Amino acid sequence: MTRVPLDRRAFLRYSALTGAALGGAGLLAACGGGGDGDTPNGTTPDGSRFGTVAVQLSWLKNIEFAGEYFADARGYFRDAGFGSVNLVAGGAASTSVEAGLDTGKVWLGLSAPQTTAPAVLEGLPAKIVAATYQKNPFAIVSSAARPITSPADMKGRRIGVQDTNQLIFNALLSANGMKPGDVTIVPAQFDPTPLANGEVDGWVSYVTNEPITLTAKGFANTHFLFADFGLPLVAETLTVTQKTIDTERDKLKAFLTAEIKGWKDAVADPAESARLAVEVYGKDQKLDLAEQTLEARAQNDLVVSAATRTDGLLTMTDALVEQNIAALRTAKIDITAAQLFDLSVLREVYAENPGLR
């Protein structure tokens, strides 16, 4: 597709908007990024090898970041050589990871291919180096009494779609040979009460969230995943600048090693994942422990796949990479795998530490 070049200010504005517009990756820019190059032990102000880095999360501090919580709480970041890792919460109205990377205010961010790819095409020198979710969590949830179990079932039905999810929803339609006119799109916020009240027939949601909260409120529901119907995008992708890959490779490898350890713990212990989210890292969010535990268990189905059982957590197979490129093309985002992904650093981590698998 034809793209109009943007100047730097326009790019930053575009990056912030696409972070919100493409599904849960709009974020708050952090304070303080990483330094230049790998540093010898003891040369940083805090005496650690790599000092302090800012890591921007893709949403508020809930269960989605259990692996990061474990890596911090159990000292894996510290053991890897970091003085501290500043986990900065995001939110729908905040600046995108991509803008934070561009300005140097964050060293690494959790984002999504459909958000990072447009920024790269507009000139951001960044790459995805790992993927936490092997499947993206987007789903259409509906009443069990009037189930919608496939995109075809949506024809003629009323679907609640948030402004930030319009583009990904349209991509779902396109991937399944449908047009926006085939459904009645009802503008929505994030509270799925209109679905429970019968005002709409389906609702764009995260499979790890709304189906669980609706069930807890007594609303029997069902759902289907976007990933199972033509949009097999990964999610919670770890993104850094090309400069980090080129000049801070050892630092990035150390961080990924700690991340893998953290996510192994999170997968093994959903209850403790939930406790860390509710009582420690997301304490100000007033999260519900039982609900977060259920979400942690549901999340594991996205984090763990047949491939990660063999290759290790956060990895992507070549086939999955190509499926993501094809899915982005469906969303009219034309980019190559080499432009968007660099999984070589993660592969080095596993080659050097086979016990992490």
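Note that this is a predicted model, so its numbers are computed, not measured.

1. Quick notes on the confidence of the model for the chain
- Put simply, the chain has an average pLDDT of 89, and 87% of its residues get 70 or more.
- Scored below 50 in pLDDT, residues 1–36 makes 113 contacts in the model with residues more than four places away or belonging to other chains.

2. Here's the deal with the environment of Asn176
- Counting through the fold element by element, Asn176 comes out in the loop between helix H6 (166–175) and strand S7 (184–188).
- Distance from Asn176 to Ser150, taken between C-alpha atoms, is 9.6 Å for residues 26 residues apart in sequence.
- Other than its neighbours up to four places away in sequence, Asn176 contacts Pro151 and Phe229.

3. Examining the packing of aromatic side chains
- Within this structure, the stated rule accounts for 10 aromatic pairs.
- Their ring planes at 55° and their centres at 6.1 Å tell us that Phe82 and Trp107 sit as a pair that is tilted. Taken together, the residues Phe82 in strand S2 (residues 82–88) and Trp107 in the loop between helix H4 (97–103) and strand S3 (108–111) connect sequence positions 25 residues apart. A single burial state applies to Phe82 and to Trp107, both of which are buried.
- Measuring from centroid to centroid gives 5.2 Å for Phe138 and Tyr206, while their planes differ by 90°, and the two rings are edge-to-face. Of the two residues, Phe138 sits in strand S5 (residues 138–143) while Tyr206 sits in strand S8 (residues 202–206), which places them 68 residues apart along the sequence. With respect to burial, Phe138 and Tyr206 carry one shared label: buried.
- A network of ring pairs unites the aromatic residues Phe50, Phe77, Phe82, Trp107 and Phe255 as a single cluster.

4. Brief notes about the packing of helix H10 (residues 249–268) against helix H12 (residues 289–303)
- Their axes nearest at 9 Å, the elements H10 and H12 cross at an angle of 130°. Here H10 is positioned oblique relative to H12, judged by the angle of their axes. Helix-helix and strand crossings are classified by hand; for H10 and H12 the assignment is left-handed. Within the contact between the two elements, H10 uses Trp263, Ala266 and Val267 and H12 uses Gln299, Asn300 and Val303.
- Across the contact of H10 with H12, the residue classes break down as four nonpolar, two polar and no charged.

5. So, the nonpolar core
- Core analysis: the biggest nonpolar cluster contains 51 residues, and Phe82, Val85, Leu108, Leu238, Leu252, Phe255 and Leu256 have the highest contact counts within it.
- Ranked by residue count, the leading element in this core is H10, at eight residues.
- Beyond its immediate sequence surroundings of up to four residues, Leu256 is in contact with Ala130, Leu238, Val345, Leu346 and Val349.
- With 36 residues, the next largest nonpolar core counts Ile140, Met154, Val161 and Leu173 among its residues.

6. Looking at the sheet that holds strand S6 (residues 158–162)
- Reading across the sheet, the five strands line up as S7-S6-S8-S5-S9 and stay open at both edges, with mixed pairing between neighbours. For this open sheet the edge positions go to S7 and strand S9 (221–225), each flanked by a neighbour on one side alone. Between one strand axis and the next, the sheet turns through 35° on average, direction left out of account.
- In this structure, S5 lies alongside S8, joined through five bridges in antiparallel fashion. The residue bridging Ser142 from the neighbouring strand is Gly202, located in S8.
- Set on the sheet, H6 makes contact with S5, S6, S7, S8 and S9; between it and S6 the angle comes to about 140°.

7. Some points on the sheet that holds strand S4 (residues 126–133)
- Reading across from one edge, S2-S1-S3-S10-S4 is the order of the five strands in this open sheet, with mixed pairing throughout. The open sheet has two free edges, formed respectively by S2 and S4, since each of these has just one partner strand. Between one strand axis and the next, the sheet turns through 25° on average, direction left out of account.
- The pairing of strand S1 (residues 51–56) with S2 spans six bridges and is parallel. Across the sheet, the residue bridging to Ala54 is Asn86, located in S2.

Cut-offs and rules
Residues numbered from 1 in each chain as written. Predicted model: local features only at pLDDT ≥ 70, side-chain atom pairs only at ≥ 80, totals over all residues. Heavy atoms only, no water. pLDDT = per-residue confidence, 0-100. Contact = heavy atoms within 4.5 Å. Helix = DSSP H or I, 4+ residues; strand = E, 2+ residues; numbered from the N terminus. Phe/Tyr/Trp six-rings, centres within 6.5 Å; stacked < 30°, edge-to-face > 60°. Buried < 20%, exposed > 50% of the residue type's maximum accessible area, 1.4 Å probe, protein only. Axes fitted to C-alpha atoms, helices over the stretch in contact; angles between N-to-C directions. Parallel < 35°, antiparallel > 145°, perpendicular 65-115°, else oblique. Left-handed = near helix turned anticlockwise from the far one by under 90°. Nonpolar A, V, L, I, M, F, W, Y, C, P; charged D, E, K, R; others polar. Core = buried A, V, L, I, M, F, W, Y, C linked by side-chain atoms within 4.5 Å. Pairing = 2+ DSSP bridges.

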